[in-house]
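# Structural description and commentary
Here is what each chain is made of, one letter per residue.
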Amino acid sequence: MSTNQQPQERIDILEGILLRLHNGTPPEEVQEVFNEHFTGVSAIEISMMEHQLMNGDSEITFEDVLKLCNVHANLFKHAVMDGDTPDADQAGHPVQVFKDENHAFRAALMRINNLLNVLGDLASEELEAGMLRGLRRQFDLLGQFDVHYERKEKLFFPLMEHYGHDAPPKVMWAKDDEIREQFKAAYQKMEQFPEIDMIEVKNAFAEFEYEFNEMIFKEEAILINILLEALTVDDWYQIAQESDAYGYAIIRPSEEWVPKHLYASDDEASDVSNLVGDKAASKATTVSSQSQQVVSLPVTTSEAKRLETKRLAIDGGYLTVTFEPDSRPQLTNPNLLNRSTELKVGDGYLNRDQINLVLDYLPIELTVVNANDLVIFSNFNDAWPKRHFYSRDYNTLGRSVETIYQRSLKDQMLQWVEQFKSAKTAADKQTVRYQGPHGMVKLDIIPLFDIKGNYEGYIELAMRLDYFDRVNTRVKRELTPVEAYHSHDVFVSDFQAFENNQTKASAPPLPQSEAVNLDSRKLKFAEGDLTLTWENKNMPPDLNAAIDQECPIHLRNGALTLQQLTRLMNAVPFEITFVDDQDIFQYFNNIVPYKDMIFVRTPAQVKRDLELCHPPYLWPTIKELIQSFRERQRHFEELWYPTANNEYIYILYQATYDLAGNFTGIVETVLDIQPFLSKNK
């Protein structure tokens, strides 16, 4: 290979080779050309090449790259250069965990093949139930590769996309789905034995096994090397911390891997490889909990203070100004930021307009009461007169608890509030059901306490139970035809979209100004007045680190601090996801630990393209749904279906629009409605 070739030239040559494959050149002939030009190729170049093929002017499409996937891999089998990163060979490191699982898969493949050979040689009368159960157990064990794939797709792929390697994830995920289907087919054949001939089982399993082994090679020779070249140690630690949410295949990591730089001292770092079991887990848990908190600005120490003195000539004399830096962190009022500035809410990011959208479109009434028994927020919006059931309105803000409940509930509510105040510690939520003017209502009252046990108020969640009576079929997993919306033949007949004139003019205005950090003081002197204006230009690189978490943010119908907002969203009894108008996944709430979610989400998914958050077979449906939202052909979509875990999953997608009617994103809510169905049917 010529050493004068530039990276782009090498990519162009690789692209030309794949174009020849695409046009029918035999692989062995292409291999000769490849060997002539390359003695080694990095996984990064393979990634860039596929990106160029799929996103450039080449006639090769994503489907073509998918079809040639195995040919590509064989082409590079003896040429890919290994990447390297510190700790990658350490126990518990995501790379080592990934390779350990692949080793366990290879062993499972061998055991299944041995069993298939043995069972195939036996006469039908010699087969025993225990033998067949053993074969099924091995298939079930191997079937855990789905966990391995999901962890790859949900944790590895987002970071690859972040660093510009978006082509390999698309191709590999599609190939993963093909392998999943091949395994299902082989599993079905295995279940039919001995009613069918063993040769059918072996053929189906061999088809799966070939592609499965090819994927193992792609993972270890290409995928891992791209990651090793692109990711930082902190990226790997993020993967390690979020892996538990998706689980592990066949074996669990024997140790908890924690990067050395997270340890407090050199001595501690030198012993990191010896940390196992509880000690490592404790350290990792501590770091993990810290990493999920909002970062606070470092407090300036007295040693770091410096005095600056300026002598200014003033008409009639001189003025000496001395500046002494404050030791307290400088916090930014979030209301002074532009409305489009993203604020960190839990694990996601929302600007103030998006916060209003999410709260407005939630299919539940939310009310927040402070420690003084006054309403400080309600998500009432008269654009939703049938979703809301008139228990709240714009006049609710600032009112006392004593005045907002109907007579049949008032005494019970006041009694609960007094119990919360006297508890001095965290207390359980209270629930009541009552017949409202528009149907049966479930009311949850969730008390709020600070870390010292002081009562801070409560959150009220009101949900109509007959809301779920709309589920009128056992399963609905396909989009409703757009024509049905035009004829009003839809499942949710009373959902309404925002119209331009449906928001009251009296709603609290939202400040439009950019961040301005000016502080002015007017000083009086014997000869007159002097005004000094200070402009702080030392804004931190991480704006969210400087946001005042306890400053109430002005919302459409009240005000909440970021801390209150996060607690409110995490108290809602369903999973919330927000996708912005650019189809970017911006936010999800945390009502349960990641691993216990109906649809597992982790911070790695945030800022990812919505399409890439789903397997390729769903991409056409996602595109259709988003396009129909943009064109206002539909404003919402419902899906529902039972699961094997005695759950009945209900999903509601709602398109959000601003007051001018522009598409602004999608709010997705997911809930297990089985408890509601069982109590109301």
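This text follows the structure it describes.
So, here is what we can say about the structure in this document. (Residues numbered from 1 in each chain as written. Predicted model: local features only at pLDDT ≥ 70, side-chain atom pairs only at ≥ 80, totals over all residues. Heavy atoms only, no water.)

## A few points about the packing of aromatic side chains
All told, the structure shown has 23 aromatic pairs when counted by the stated rule. Judged by centre distance (5.3 Å) and plane angle (80 degrees), the rings of Phe-145 and Phe-183 are edge-to-face. Of the two residues, Phe-145 is situated in helix α8 (residues 145-162) and Phe-183 in helix α9 (residues 167-192); the sequence distance between them amounts to 38 residues. A single burial state applies to Phe-145 and to Phe-183, both of which are buried. Aromatic pair Phe-585 and Phe-588: ring centres 6.1 Å apart, planes at 35 degrees, arrangement tilted. Residue Phe-585 is classed as buried on the basis of its relative accessible area of 3%. In textbook terms, an aromatic cluster arises when at least three aromatic residues are bridged by ring pairs, as seen for Phe-105, Phe-139, Phe-145, Tyr-149, Phe-183, Tyr-187, Phe-205, Phe-208 and Phe-212. In this structure, Lys-152 packs its charged tip against the face of Tyr-149, placed 4.2 Å from the ring centre. Positioned above the aromatic ring of Trp-640 is the side chain of Lys-476, whose terminal nitrogen or guanidinium carbon lies 5.9 Å from the ring centre. (Phe/Tyr/Trp six-rings, centres within 6.5 Å; stacked < 30°, edge-to-face > 60°. Helix = DSSP H or I, 4+ residues; strand = E, 2+ residues; numbered from the N terminus. Buried < 20%, exposed > 50% of the residue type's maximum accessible area, 1.4 Å probe, protein only. Lys NZ or Arg CZ within 6 Å of the ring centre and 35° of its normal.)

## Regarding the sheet that holds strand β19 (residues 648-657)
Strand order in this open sheet of five strands is β17-β16-β20-β19-β18, and the pairing throughout is antiparallel. Because the sheet does not close on itself, it has two edges, and the strands there are β17 (585-588) and β18 (636-642). Taken pair by pair, the neighbouring strands of this sheet meet at an average axis angle of 15 degrees, ignoring direction. Relative to strand β20 (residues 663-672), β19 is paired through nine bridges, and the arrangement is antiparallel. What sits directly across from Tyr-657, in β20, is Phe-663. (Pairing = 2+ DSSP bridges. Axes fitted to C-alpha atoms, helices over the stretch in contact; angles between N-to-C directions.)

Spatial relationships are all this shows, so hold off on functional conclusions.
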